[in-house]
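Inside the fold
Here is what each chain is made of, one letter per residue.
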Amino acid sequence: MCGLAERAHTTPWPCGAREMWVSIRPTSLTGRRITAADR
């Protein structure tokens, strides 16, 4: 397996190894902006 699994920072929630990776390149981004709370 390539180094993607070591750099993913996550594990699959169902048990077992995963061999397929998906890359998504968004063309637009909409929604709410989340910022840190003021202290």
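Counting of residues starts from 1 at the beginning of each chain's written sequence and follows it residue by residue. In keeping with the predicted nature of the model, local features appear solely for residues at pLDDT of at least 70, side-chain atom pairs appear and are counted solely at 80 or more, and the whole-chain, interface and lining totals rest on all residues. To obtain the side-chain values, all non-hydrogen atoms of the structure were included, while hydrogens and water were left out.

With an unreviewed UniProt entry as reference, the protein is termed DNA-binding protein, source organism Streptomyces zinciresistens K42.

The next point concerns the overall build of the protein. Starting at the N terminus, helices and strands are each numbered in turn, a helix being any DSSP run of H or I of at least four residues and a strand any DSSP run of E of at least two. Within the protein, the regular secondary structure consists of one helix and zero strands. Here the protein, with 39 residues, has 0% of them falling under the buried criterion. About 4,800 Å² of surface is accessible on the protein, with carbon and sulfur atoms providing 56% of the total. Buried residues are those whose accessible area, probed at 1.4 Å on protein chains only, stays under 20% of the maximum for their type, while exposed residues exceed 50% and partly exposed ones sit between those limits. With residues, only the protein chains shown are counted as cover, and all accessible areas are computed by Shrake-Rupley using a 1.4 Å probe.

A surface patch of nonpolar side chains, amounting to about 410 Å² of accessible area, comprises Met20, Val22 and Ile24. Position of Met20 relative to the elements: it lies in the segment after helix H1 (4-7). Residues enter patches when their relative accessible area tops 30% and they take part in no salt bridge; the joining distance is 9 Å for like charges and 5 Å for the nonpolar side chains Val, Leu, Ile, Met, Phe, Trp and Tyr. For this document, the term salt bridge refers to a Lys or Arg side-chain nitrogen within 4 Å of an Asp or Glu carboxyl oxygen.

Attention now goes to the environment of Leu4. Inspection of the secondary structure assignment puts Leu4 in helix H1. Taking relative accessible area as the criterion, Leu4 reaches 33% and is therefore assigned partly exposed. Distance from Leu4 to Trp21, taken between C-alpha atoms, is 8.5 Å for residues 17 residues apart in sequence.

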